[in-house]
Each structure stands twice: as structure tokens, then as C-alpha cells.
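Given next are the chains, with one letter for each unit.
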Amino acid sequence: TWIMWFAQLGMLLAIPLTIRFFLPIYSKLDIDTAYHYLELRFNSKGLRVLGAIMFIIYQVGRMSIIMYLPCMVLSSLMGINVNILIIYSYTGGLKSVLWTDFIQGSVLLVGVTFGLIFLVAHLDGGIGSIFHEMTAGHKFLAVDQPIFNPNILKDSVFLMIVGAGFNTMGSYVSSQDIVQRFTTTTDTKKLNKMMLTNGGLSIFIATVFYLIGTGLYVFYQVQGNQLPPAAQQDQIFASWIAFQLPVGITGLLLAAIYAAAQSTLSTGLNSVASSWTLDIQARLSKKELSFEKQTKIGQYVSLLVGIFSIVVAVVLANGGVKSA
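Residues numbered from 1 in each chain as written. Predicted model: local features only at pLDDT ≥ 70, side-chain atom pairs only at ≥ 80, totals over all residues. Heavy atoms only, no water.

1. As for the overall build of the chain
Part 1 of the argument: Secondary structure summary: the chain contains twelve helices and zero strands in total.
Part 2 of the argument: Going residue by residue from the N terminus, the α and β elements of the chain occur as α-α-α-α-α-α-α-α-α-α-α-α.
Part 3 of the argument: The C-alpha atoms of the chain give 22 Å as radius of gyration, which agrees with the globular expectation for 324 residues (20 Å, within 12%).
Part 4 of the argument: Taken over the C-alpha atoms alone, the chain extends approximately 70 × 50 × 35 Å along its principal axes.
Part 5 of the argument: Residues counted as buried form 42% of the 324 residues belonging to the chain.
Part 6 of the argument: When contacts within the chain are restricted to residue pairs at least 6 apart in sequence, those whose partners lie at least 24 apart make up 76%.
Part 7 of the argument: Element-wise, carbon and sulfur atoms account for 66% of the exposed surface of the chain, whose accessible area totals about 17300 Å². (Helix = DSSP H or I, 4+ residues; strand = E, 2+ residues; numbered from the N terminus. Rg over C-alpha atoms; globule rule 2.2 N^0.38 Å. Buried < 20%, exposed > 50% of the residue type's maximum accessible area, 1.4 Å probe, protein only. Contact = heavy atoms within 4.5 Å. Areas by Shrake-Rupley, 256 points an atom, 1.4 Å probe, with all protein chains shown as cover.)

2. A few points about the pattern of salt bridges
Part 1 of the argument: In total, this model carries four salt bridges according to the counting rule given.
Part 2 of the argument: Between Arg48 and Glu39 there is a salt bridge, with its nearest N and O atoms 2.7 Å apart. Neither Arg48 nor Glu39 differs from the other in exposure class; each is buried.
Part 3 of the argument: One salt-bridge network, in which partners are shared between bridges, spans Glu39, Arg48, Asp279 and Arg283. (Salt bridge = Lys/Arg side-chain N within 4 Å of Asp/Glu carboxyl O.)

Next up, the structure:
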């Protein structure tokens with residue numbers, strides 16, 4: 001169903017709260033990282049180091065999964081060994097991260113939108129068949145999924161929006177991979193515009209993917225088209241791309257999937273390197289580190305974290321995971 005789609009609407013809670021209470025702080029303070037704020041606020045180097053360590057551990061696990069998923073898809077489609085596809089490295093500063101994110105994000109938006117249009121055009125009944133399945137077939141919300149459930153241990157639309165809203169706000173205000181974007185400008189209006197654009201694009205792209213998901217259900221389950229033999233649980237969309245799309249559009253969509261992963265990896269590596277260098281190394285060092293020394297440390301950290309994430313992704317790829 002679409003129950004997890006409502007998590008994106010949590011941004012309608014997260015963005016106004018972030019703009020109202022947190023962005024003014026980040027625009028006023030001359031901070032290097034999200035965890036620099038902890039040191040300023042509580043006058044504690046230890047708290048800053050702890051925050052950075054927790055972020056780095058989380059980010060390494062996240063990057064491993066992000067490497068694993070698209071590489072499993074491409075491996076089955078292209079016949080290339082998954083371990084070779086996982087080996088990917090990235091160098092460059094924050095400016096290059098921001099620009100590659102923009103380009104790769106644009107490829108993702110264009111690619112999946114083309115995919116949705118093509119899918120709808122080849123469904124009997126077009127977009128109407130998707131909406132029919134969402135309502136009559138209870139694909140939007142299952143019969144037992146309420147708007148509000150007083151038992152907060154059970155799924156409900158309310159729980160998804162509020163829970164995801166606070167979860168997203170936590171990322172916006174304390175996760176270095178996002179906060180590092182706020183430090184590129186002190187202009188509050190630009191920061192607010194960035195937040196609103198991010199929220200709008202996130203809800204749009206999630207809606208496109210959910211429409212594709214329901215469209216694929218209609219295409220294969222309802223209208224009885226033959227599911228390709230390669231279509232394992234996590235690879236139905238990828239198999240549809242490979243066997244149903246024309247040449248050219250196939251490449252664009254595969255590029256879109258890989259672009260999304262690569263932009264997240266580049267951001268992750270950059271933020272981990274910044275956090276380790278400025279929050280941990282510089283705090284624990286007895287003498288002040290020069291800018292050149294900080295850059296060198298950041299490059300080594302990127303390399304080591306990249307290699308470690310690759311190893312974890314390879315272990316996942318060879319570990320017989322049935323569904324990611």
C-alpha cells in the first residue's frame with residue numbers, strides 16, 4: 001500500500017519547525033559542523049566528539065546499503081560481477097559534491113518521470129487503472145490501515161506523518177551530511193528556499209515512485225503480463241526497465257538509479273571526512289591543524305571509510321539477503 005508514502009508528508013511538519021527554530025541559529029553561528037554546535041552550546045569537547053562518532057558509524061552503515069542495492073540491480077541486468085560494480089570511489093570538496101548532487105538529482109527526476117509516463121502509456125486504461133487499483137483494490141490504504149489509531153504501536157496515517165516528521169527534522173538539524181549544506185550560506189532567505197525546494201522535490205519524487213510501484217502491480221498482477229525470470233523481490237522495477245523499455249530510456253533510468261546512489265555516497269563521504277577531521281581529530285590534537293593538514297586527513301578518511309563501506313557492501317551482496 002501507500003502507507004509509507006505518508007512519511008514524506010512528515011516534511012510538512014519538519015520543514016516549518018526547522019525554518020522557524022533551527023536555521024536562524026545555523027545562519028548566525030560560524031560553525032564548521034553540526035556537532036560544533038554541541039561544543040558551543042554545552043561547552044563540551046567530549047559531547048562534540050561523541051556526536052561525530054555516532055554520526056560516522058550511522059553513515060558508514062548507510063553508505064554500505066546504498067552501494068549494495070543498485071549494484072545488485074545492475075549486476076543481474078548487465079551480467080557484471082556485483083563485487084566489481086560495488087568498487088566505487090569519490091574525491092573532491094563540498095562544492096563538487098553540491099554540483100554532482102544537482103546533476104545526478106536532475107537525471108533521477110527526468111529518468112523516473114519518463115519511466116512513469118512510459119508505464120502509464122502501456123497500461124490498459126492508462127492512469128485510470130492505477131487510480132482504480134488504489135481505491136477499489138485498496139492499494140492506497142489497506143482496509144485495516146486507519147487515518148488515526150490511538151494505539152501508537154500500530155500503523156496509521158497520523159503516526160507516519162508525525163513520526164517521520166520528527167525523524168526528518170532530526171536529520172535536518174543534526175546530521176552533518178545535511179547541515180553541511182546550510183553552512184554554505186548565511187542568507188536565511190536562501191536557506192529557507194533550499195528547505196522548501198528540498199521538501200517539494202522529495203514529495204514529488206516519492207509520489208512518482210509510488211505511482212510506478214502501483215503501475216507495476218497493475219501491469220504484472222492485474223493485467224497478467226509475464227514477469228521476467230530475473231524479477232526477484234527487490235528487482236521487479238529493474239526487470240521491467242530491462243525488458244519493457246526501449247533502448248535509450250533504459251539507459252536513462254539505469255543512470256537515474258545509479259545517480260541517486262552516487263550522489264548520496266559522495267555527500268556521505270564528504271560529511272564523514274569533515275566530521276572526523278574537524279570534530280574529532282582537531283579536538284583531540286594538542287596543536288592547531290593547518291588547513292593543508294586538515295585537507296590531507298579528510299582525504300585519508302574518505303579513502304578508508306570508502307574501502308570499509310565497500311567491504312561491508314560486498315559482504316551484504318554475498319550474504320544471501322532475500323529482501324533488502
